[in-house]
Amino acid sequence: MSASASEPVPVPELPGGVDPAWLPPAVFRPLGSRRTLISGTGPLVDTVHGEVAYACARFGGRVARGVRAPGVSYDVVLEVGEGGDRDALGDEGFALVRAGGVTRVTAGGQAGLLYGLFHLVRLGEAAFRGERARETHRPALALRMLDHWDNVAVHPVMGQVERGYAGGSLFWRDGLARSTPEELARVRWYGRLLAACGVNAVAVNNVNVHEAEARLLTDRVGEVAAIADALRPYGIRTHLSVSFAAPMGLGGLPTADPLHEAVTDWWAETTGRVYAAIPDFGGYVVKADSEGQPGPFAYGRSHADGANLLAGALAPYGGTVHWRAFVYDHRQDWRDRSTDRARAAYDHFAPLDGEFAPNAVLQVKHGPLDFQVREPLSPVIGAMPGTRLAVEIQATQEYTGQQRHACWLGPMWSEALRFRPEGEGRPSVGELARGGGLVAVSNAGDDPFWTGHPLAQANLYTVGRLAWRPDADPRAVLREWIELSFVPEETAGPERLRGGLHAVLDGSWRTYEKYTAPLGVGFMVQPGHHYGPSVDGYEYSPWGTYHFADRDGVGVDRSRATGTGFAGQYAKPWAEVYESPGTCPDELLLFFHHVPYGHVLHSGETVIQHIYDTHFEGVAEAEEARRVWAGLVGLVDPARHARVAERYEEQVRGAREWRDHINTYFFRKSGVPDARGRRIH
Ligand code: GCU
């Protein structure tokens, strides 16, 4: 916390060798070369003061705090407004205007000043030229969160970070919280990067709660408090994943029954102690009755009973419980054709609409399965108007190339957020998530580039910006990221650099989709680690993820008429659109229907020819991206360039492997030759 009001909080030092991501010092030149007056009090204003002082120290400007010095004029005024501004802008909003040579940011509250500052940084020189009519900015979603699936101790199978592809955890190392000054500076830098794209909450431990993670709630809460201290100067609240069975494992009670008084008391007391250590603690994240985690089902109670138990403990302090809807039978028999994993979340949760406490948020994965490269929207999202919903997306690229492949997910997330579950004229997903927010599984770790693949930083940045504005054009977000990270100053050849970055990233999600599982059918990954192709890897497994390919056709019949009935979980018009192969969009055809290989798509191609074509195209696009990237040498920082170039070698190798597995598999199953006569192995 800040030493005292009106003292600038110094910008943390970036540990040696770590990439500055989208905050290279040069982005502060326009602001740092001017005279800025800051007014307002409070710790986040102190952070803003520190940021401006840092910029001025580098670029020759000046900063004053509080009252205007007589005879001095300022180019920039950063102020926390009062009364009317506060009401109109909210704590996190701000207004920007430029008149009479002065650029003025008036924030509704301290946090708004921080976001206003980073808005000026994004605008660069444009913020200080000409006149600018008053514009207001406030986040569409109040909660903009990253969930870290970080294990406190190295897990024998999952390692330090579950589904982490960026080295170790930023918060934990070998069973302990990171605590050296350098490590904590790195955590603060992480907070700084997150604030600069609009994130305001972080859950610091894995949703799969092992023993060490469980104890963060009790005797080890001090370690969480230290992380919270490091993130707080950037407006980020800390949240914790907890085990539903904590009253037994930690409290020694014989039960964790949510309706048992001793259990309620235990959570109330424990939560009180958490708030004593972390007064602005955000709340709990819970994975219950999911993939082996304990939950209320053991006591014959509902998920609303479970969530409300924790909501009750958090309510006196303003905390929130994020209760995950990722509940399904992971011990399914593949011979049982009546069970459909895609149905599970809706079947469990939709009937509970209206039963959740006001401070309970149901956190729903954007698709009904599990972060595949293409899924329809989860039908839960349109079915619970009486529940606060958060949409969960996955920045860590578990199923989308594991940060060895470049795959910018902005367009996929944007499609989900702009989707209207009840059709045109009705609310979008982004609007439906207002009560709960947007949550992304983080892709960051202690890797020098933060995200392993330097281009995966774009995914992290996009999470924050889409959470701020779910209806934003994702390409405009990518452009911002490129400008900040790669072209902070007018350098030689910026157009070629911009063009090259857009060329390799804009369509990278679709490229990845082309060379992996076709037409929305999903999975086909190697079991366990989920990298690389294995068409039948999960086909006879208990996990409920099947494609049902045989000699005649492929896909899952999820229609009401002849299939699992999943299509009927949607409202109109989607229930009807998805019900028939004639109206179902091509890209989701095999998610909803089992069709013959000769079925003709809306595109005019047969399914089998589409599979062959897209797999050849996907590889060609990956090879082209590798070529474009190679041509950017000399325009990009050498270490970044080399790391990406190395990853492209693996991407091209991996894409070819996918192409040959998928094409060969379907050629052998169907016996249909490629109409274009290419070699299928
Ligand atoms: C996926 C992932 C798991 C993770 C789970 C979850 O199944 O493979 O590692 O725990 O999602 O979201 O809880």
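This text follows the structure it describes.
Residues numbered from 1 in each chain as written. Predicted model: local features only at pLDDT ≥ 70, side-chain atom pairs only at ≥ 80, totals over all residues. Heavy atoms only, no water.

Asks: Just to check I follow, could you spell out the packing of aromatic side chains for this structure?
Replies: Geometry of an aromatic ring pair is reported as the spacing of the ring centres plus the angle between the planes. Taken as a whole and assessed by the stated rule, the structure comprises 30 aromatic pairs. Look at Tyr275 and Tyr317: their rings are 4.5 Å apart centre to centre, the planes differ by 10 degrees, and that puts the pair in the stacked class. Of the two residues, Tyr275 is situated in helix H9 (residues 261-277) and Tyr317 in the loop between helix H10 (303-314) and strand E15 (320-324); the sequence distance between them amounts to 42 residues. Here Tyr665 and Phe666 contribute two aromatic rings whose centre-to-centre distance is 5.1 Å and whose plane-to-plane angle is 75 degrees, an arrangement assigned as edge-to-face. In terms of burial, Tyr665 and Phe666 fall into one category: buried. Among the aromatic residues, ring-to-ring pairing joins Phe419, Phe566, Tyr570, Trp574, Tyr578, Phe591 and Phe592 into one connected group. A cation over an aromatic ring shows up here: Arg341 above the ring of Tyr328, its NZ or CZ 3.8 Å from the ring centre. (Phe/Tyr/Trp six-rings, centres within 6.5 Å; stacked < 30°, edge-to-face > 60°. Helix = DSSP H or I, 4+ residues; strand = E, 2+ residues; numbered from the N terminus. Buried < 20%, exposed > 50% of the residue type's maximum accessible area, 1.4 Å probe, protein only. Lys NZ or Arg CZ within 6 Å of the ring centre and 35° of its normal.)

Asks: Help me understand the site of the ligand, please; the structure alone is not making it clear to me.
Replies: In the vicinity of the ligand lie 14 residues, with Glu162, Lys287, Arg324, Lys365 and Glu398 positioned nearest. Within the side chain of Lys365, one N or O atom sits 2.7 Å away from an oxygen atom of the ligand. One of the side-chain N or O atoms of Asp370 is found 2.9 Å from an oxygen atom in the ligand. Isolated, the ligand exposes 310 Å² of accessible area, and the fraction of that covered by the protein chains is 96%. (Near = heavy atom within 4 Å. Polar contact = N/O pair within 3.5 Å; in protein donor to acceptor, adjacent residues only side chain to side chain. Areas by Shrake-Rupley, 256 points an atom, 1.4 Å probe, with all protein chains shown as cover.)

Asks: For this particular structure, what's the right way to read the nonpolar core?
Replies: Taken as a class, soluble globular proteins show a tendency for nonpolar side chains to be buried jointly. Core analysis: the largest hydrophobic core is formed by 206 residues, its most contacted members being Trp22, Trp267, Tyr284 and Leu455. For Trp267, the contacting residues outside a window of four places in its chain are Leu217, Val242, Ser243, Phe244, Ala246, Pro247, Tyr284, Leu309, Leu310 and Ala313. (Core = buried A, V, L, I, M, F, W, Y, C linked by side-chain atoms within 4.5 Å. Contact = heavy atoms within 4.5 Å.)

Asks: I tried to follow empty space enclosed by the protein on my own but got confused; where do I start?
Replies: Picture a little ball the size of a water molecule; that probe, rolled over the atoms, points out where space is still empty. For the structure shown, the criterion picks out seven cavities of 30 Å³ or more. Taken as a whole, the largest cavity encloses approximately 120 Å³ of empty space. Surrounding the largest cavity, 14 residues form its lining, Ala325, Phe326, Ala345, Pro368 and Leu369 being those nearest its centre. Those elements giving two or more residues to the lining of the largest cavity turn out to be helix H11 (344-349) and strand E16 (360-365). In the lining of the largest cavity, the residues fall into nine nonpolar, three polar and two charged. There is about 80 Å³ of room inside the second largest cavity. (1 Å grid on protein atoms, 1.4 Å probe; cavity = no way out; pocket = protein on both sides within 12 Å on 5 of 7 lines; lining within 4 Å. Points joined across faces, edges and corners; volume = space filled by probe spheres on them. Nonpolar A, V, L, I, M, F, W, Y, C, P; charged D, E, K, R; others polar.)

Asks: What should I look at first to understand the pairing of strand E4 (residues 94-99) in this one?
Replies: In regular strands, side chains alternate between the two faces of the sheet. Where E4 meets strand E5 (residues 102-107), six bridges bridge the pair, whose relative direction is antiparallel. Across the sheet, residue Val97 finds its bridge partner in E5, namely Arg104. Between E4 and E5, which follow one another and run antiparallel, lie two residues, and Gly100 among them has a positive phi close to 55 degrees. Across four bridges, the pairing between E4 and strand E6 (residues 132-137) is antiparallel. Note on E6: the bridge partner recorded for Leu96 is Glu135. (Pairing = 2+ DSSP bridges.)

Asks: Before we go on, may I ask you to explain the environment of Val52 in this structure?
Replies: You can see Val52 is positioned in helix H2 (residues 43-59). Note on Val52: relative accessible area 0%, which makes it buried. Each C-alpha atom of the pair Val52 and Thr614 lies 50 Å from the other, and the pair is 562 residues apart in sequence. The residues touching Val52, leaving out its near neighbours within four places in the chain, are Leu31, Thr36, Ile38, Val63, Leu78 and Leu117.

Asks: I keep staring at unusual backbone geometry and nothing clicks. Help me out?
Replies: Negative phi characterises most residues that are not glycine, and trans characterises most peptide bonds. The residue after Lys572, namely Pro573, is reached through a cis peptide bond having omega 5 degrees. Considering the arrangement of structural elements, one finds Pro573 in the loop between strand E19 (553-554) and helix H18 (574-579). Its identity as a non-glycine residue notwithstanding, Asp289 has a phi of 50 degrees, on the positive side. Locating Asp289 in the fold gives a position in the loop between strand E14 (283-286) and H10. Residue Asp289 is classed as buried on the basis of its relative accessible area of 16%. The phi dihedral of Phe371 is positive, around 55 degrees, even though this residue is not glycine.

Asks: So what exactly am I meant to see when it comes to the sheet that holds strand E18 (residues 437-441) here?
Replies: Paired through their backbone hydrogen bonds, the strands of a sheet run either parallel or antiparallel. Taken in spatial order, the eight strands of this closed barrel run E7-E12-E13-E14-E15-E16-E17-E18, and their pairing is parallel. Going from strand to strand, the sheet's axes swing by 25 degrees on average, the running direction of each strand aside. The pairing of E15 with E16 spans four bridges and is parallel. Within E16, the residue paired with Val321 across the bridge is Ala360. Running at roughly 160 degrees to E15, H10 makes contact with E14, E15 and E16 of the sheet. (Axes fitted to C-alpha atoms, helices over the stretch in contact; angles between N-to-C directions.)

Asks: Got a minute to help me understand the side chain of Gln372 in this structure?
Replies: By the secondary structure assignment, Gln372 is in the loop between E16 and strand E17 (388-394). A polar contact is formed between the side chain of Gln372 and the backbone oxygen of Asp370, at a distance of 2.9 Å. Those residues in contact with Gln372, other than ones at most four positions away along the chain, are Tyr399, Met412, Gly522 and Phe523.

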